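Examination of the molecular architecture
Each chain is listed here by its residues.
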Amino acid sequence: MVKKGEWVRIHNVVLDASGRADRLPDDTKQVPLEMWTKGTLLADAEIGDKVQVETATGRIETGKLIEVHPYYKHSYGKFVPELIKIDRQLREIMYGGEK
Amino acid sequence: MALAKDYASVMGRSNEIMKTALGLDYQDFESGSVRFDYETLMKSTGYTLDEVNRIQTLTGVGHTPLLELRNISALSRKYAKPGYGARIFAKDEAANPSGSFKARRAATAVYHAKKLGYKGVIAATSGNYGAAVASQAAMQGLKCIIVQECYDSRGVGQPEIVEKARHCEAYGAEVVQLTVGPELFYTFLSLLEDTGYFNASLYSPFGIAGVETLGYEIAMQCREMLGKDPEVVVCTNAGGGMITGTARGLLKAGATETEFIGASIDLTGLHMASDKQFNLKSCTTGHTGFGVPYATDPDHSDVPRSAARPLRYMDRYVYVTQGEVFYITEALANLDGIERGPAGNTALAAAFSLAQDYPEDAVIVISETEYTGAGKHIQPQLDFARDNGIEIYFGNPSEDKPGTNIVLPGDPSLIRCREADIDRMRASLIRKSVAAHNPNPTAEDIAFLAEETKTDEAFVRSVLEQ
């Protein structure tokens, strides 16, 4: 159970696929418009429940509870060998390498 | 009685919502035909350039260093004919409080919102502008909501945009994230209506007035450091606000001889509203997906009339590739010792190539740098591309195919910006304006369209006769 007062992330469907705007590419028209927000959980709940949260600006937003204590997972990425090659090439052209 | 919040109802109230959320009635600037009074719109902020400078200085915005990129200039010169290879300078806008020139746009908008008594501000942006508004809202004690297009239907976020969400939250803002699609505007309008907050639009006159100080500073710094105005200013172009505001600022400083060149990453072939193609982009701004539609139809933004009108100021428009921008970003860090971008380095990739066509004593200024962070850096962006099936290899950037490959230039001589057909874009703007407002344009409309496209009445008439 997720306790009232925890910082959580919720998910919503803003528009079903059938309700999407005209003049969209076909692939986008086939999927719903989805939304994610974060806030403080206003009552005890389970993951997957429809809940209410109070957001950072004090708005009350409703949605499906999907994550407790959400955190960022983006990073500086995995190794890209091409970058080493660029660095070496630039130094070679400018300074003649490590002679 | 509660207002109906379905899509059609909210979109139907768009004009009223905008009027309330901007404190401006755009009808005041309309002629009833094609022409509208652009300069009166710009004056409607009520702030002079000096006042904007004062407002920005209150929160530490602006007065950023102008750095000579000596080693990148020297590298470029190696590929120029004798006596050629201009000096390249960068306005280090990453030194602004939120890490980009967008702090200038946000400072003026948030100051104005506070003065008018709004309790909070909302902006629709997946870019650096979100953090800029959030940072200013924090400094000026207002609430802030940022609405982002961030994920595809698999829930996979662009690393560059996810980083920008984190940056907004760091300043205490609420971030509302959406999947791909222009109906973001519906959520945005609905939030404006529910909260009564100010629409801190990128395209309001407050936002653009905020960029004028950037152009003005470039002129003053060049005169102090070099004793002259820059021959060329290159601006990364997406929504058009950068080149509009920068050019206006330079012109206000009297730099009437400076050539203004817009630069965008060529993403031709990728549809910006496509769910499947969303994550095939490896740069989320500074590209033609924004640059071309906003140049040819500036008024399709989140305000009734955009204050960002790039074709009014642009002398040339050039394209570079994602691979060229990634390469030059690595060069900027490795040769000139500053880690910035990558998207903000679009103008630098173009300047590297353009410099070879100008004499050694000519000065080319790129109007911005931007901060670098997790997700917003060449390594995660290239890694993300590879994970999404994009082929990355060294070769000739002319082989570039957006969404399929990223061709890193095999050597710096292969970095060559390509001239976009600006006359075609000018013609497109003229046709769209006439179609939207009056199929039988008046003499005043023709004069207006010549100003809109930096051409003359003969050009406008020739387009209309085709």
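Residues numbered from 1 in each chain as written. Chains lettered and ligands numbered in written order. Predicted model: local features only at pLDDT ≥ 70, side-chain atom pairs only at ≥ 80, totals over all residues.

With that settled, the discussion passes to the overall build of chain A. Secondary structure summary: chain A contains 2 helices and 4 strands in total. In sequence order, chain A lays out its α and β elements as β-α-β-β-β-α. Whereas a compact globule of 99 residues would reach a radius of gyration of roughly 13 Å, chain A reaches 23 Å, over 25% beyond that. A principal-axis box enclosing the C-alpha atoms of chain A has dimensions of 70 × 40 × 25 Å. For chain A, with 99 residues in total, the buried portion stands at 28%. Across chain A, the fraction of contacts at a sequence separation of at least 24, relative to all contacts at a separation of at least 6, is 50%. (Helix = DSSP H or I, 4+ residues; strand = E, 2+ residues; numbered from the N terminus. Rg over C-alpha atoms; globule rule 2.2 N^0.38 Å. Buried ≥ 20, exposed ≤ 12 C-beta atoms within 10 Å, placed from the backbone. Contact = placed C-beta atoms within 7 Å.)

Before going further, it helps to spend a moment on the domain arrangement of chain B. Residue and element names in this part refer to chain B. Each domain of chain B was delimited in the assignment, giving domain 1 (61-98 + 210-419) and domain 2 (422-465). Computed from C-alpha atoms alone, the centre-to-centre distance between domain 1 and domain 2 is 28 Å. Each partner contributes to the interface: domain 1 provides 11 residues, whereas domain 2 provides 10 residues. If you list the elements that add at least two residues to the side of domain 1 that touches domain 2, you get helix H12 (288-296) and strand E9 (316-320). Considering each element in turn, the side of domain 1 that touches domain 2 owes the most residues, 3 residues, to H12. By residue class, the composition of the side of domain 1 that touches domain 2 is 6 nonpolar, 1 polar and 4 charged. (Domains from an automatic or database assignment. Nonpolar A, V, L, I, M, F, W, Y, C, P; charged D, E, K, R; others polar.)

Counting buried positions over the 6 residues of strand E5 (residues 174-179) of chain B gives 6, a clear majority of the element. Judged by which residues are buried, E5 of chain B turns out to be covered on both faces: Glu174, Val176 and Leu178 of chain B on one side and Val175, Gln177 and Thr179 of chain B on the other are all buried. Judged from the 2 bridges that link them, strand E2 (residues 33-41) of chain A and E5 of chain B form a sheet pairing that is antiparallel. In the sheet register, Trp36 of chain A faces E5 of chain B, and the bridge partner there is Gln177 of chain B. Remark: the strand E4 (residues 143-151) of chain B/helix H8 (residues 159-170) of chain B/E5 of chain B crossover connection has right-handed handedness. (Pairing = 2+ DSSP bridges. Right-handed = clockwise from strand over helix to strand, strands pointing away.)

We now examine the interface of chain A and chain B. Frequently, the measure chosen for interface size is the accessible area removed from exposure when the parts meet. Across the contact, 34 residues belong to chain A and 47 residues belong to chain B. If you list the elements that add at least two residues to the side of chain A that touches chain B, you get strand E1 (7-15), helix H1 (26-29), E2 and helix H2 (81-95) of chain A. Residue contributions to the side of chain A that touches chain B peak at 8 residues, all from H2 of chain A.

Moving on, we get to the environment of Thr285 of chain B. All names here are of chain B. Its place among the elements puts Thr285 in the loop between strand E8 (259-265) and H12. Taking the C-alpha atoms as reference points, Thr285 and Thr346, separated by 61 residues in sequence, lie 9.5 Å from one another. For Thr285, the residues in contact, after removing those within four places along its chain, are Gly127, Ala238, Phe290 and Ala343.

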